[in-house]
Amino acid sequence: MDIQFVRMVRTDASERFVLLGADGAELGMFDLHFLTSGNVIGSLILLDESLAAGESVEKLLHRIDEELLPAVSLDEKNLSFTVVKGELIGTFSSNDEE
């Protein structure tokens, strides 16, 4: 897969990554939430048409698991994801002028 994971934000208990394609286009993003139990819960948001033919959500989730989360595993059931596919509307901040 020609998808890069770029960390955008990191806190004590969570991280946010942006998914970038080979051409630098934003394909989606995911958040990881590290629970005190040792489990990790993720939210993967894919933009419409973000995965090329032959690529799958399952392959992408396993790649995230293998590359970023050595202490947990989808197979061991201490890592789970909610996956959403949609359209990016924008990024909003309290500093934005109306």
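Conventions adopted
Residues numbered from 1 in each chain as written. Predicted model: local features only at pLDDT ≥ 70, side-chain atom pairs only at ≥ 80, totals over all residues. Heavy atoms only, no water. Helix = DSSP H or I, 4+ residues; strand = E, 2+ residues; numbered from the N terminus. Buried < 20%, exposed > 50% of the residue type's maximum accessible area, 1.4 Å probe, protein only. Contact = heavy atoms within 4.5 Å. Salt bridge = Lys/Arg side-chain N within 4 Å of Asp/Glu carboxyl O. Core = buried A, V, L, I, M, F, W, Y, C linked by side-chain atoms within 4.5 Å. Phe/Tyr/Trp six-rings, centres within 6.5 Å; stacked < 30°, edge-to-face > 60°. Pairing = 2+ DSSP bridges.

Caption draft 1: Region of interest: the overall build of the protein chain. Helix and strand counts for the protein chain come out as one helix and five strands. Each helix (α) and strand (β) of the protein chain, taken in turn from the N terminus, gives the series β-β-β-β-α-β. Sorting the 98 residues of the protein chain into buried and exposed places 36% on the buried side. Taking the intrachain contacts of the protein chain between residues at least 6 apart in sequence as the baseline, contacts between residues at least 24 apart amount to 37%.

Caption draft 2: Broad picture of the pattern of salt bridges. Overall, the coordinates contain four salt bridges when judged by the stated rule. Notably, a salt bridge pairs Arg16 with Asp31, separated by 2.6 Å at the nearest N-O pair. Residue Arg16 is found in strand β2 (residues 14–20), and its partner Asp31 is found in strand β3 (residues 26–34); the two are separated by 15 residues along the sequence. Taken together, the shared-partner salt bridges connect Arg7, Arg10 and Glu15 into one network.

Caption draft 3: Region of the structure containing the nonpolar core. Core analysis: the largest hydrophobic core is formed by 18 residues, its most contacted members being Phe5, Leu19, Phe30, Leu44, Leu60 and Phe81. When residues of this core are traced back to their parent elements, those giving at least two are β2, β3, β4 (40–47), α1 (57–68) and β5 (79–86).

Caption draft 4: The arrangement of the packing of aromatic side chains in detail. Tallying each qualifying case throughout the model produces two aromatic pairs. When the centroid spacing of 5.6 Å and the interplanar angle of 85° are considered together, the rings of Phe5 and Phe30 count as edge-to-face. Remark: Phe30 occurs in strand β3 and Phe5 occurs in strand β1 (residues 4–10); sequence separation between them is 25 residues. The exposure classification of Phe5 matches that of Phe30, with both residues buried.

Caption draft 5: Focus on the pairing of β4. Bridge count between β3 and β4: seven bridges; the pairing is antiparallel. The residue of β4 that forms the bridge with Leu32 is Gly42. Connecting β3 to the next strand, β4, in antiparallel fashion are five residues, including Gly38 with a positive phi near 100°. Pairing of β4 with β5 involves eight bridges; the strand directions are parallel. Along β5, the bridge assignment pairs Ile45 with Val84.

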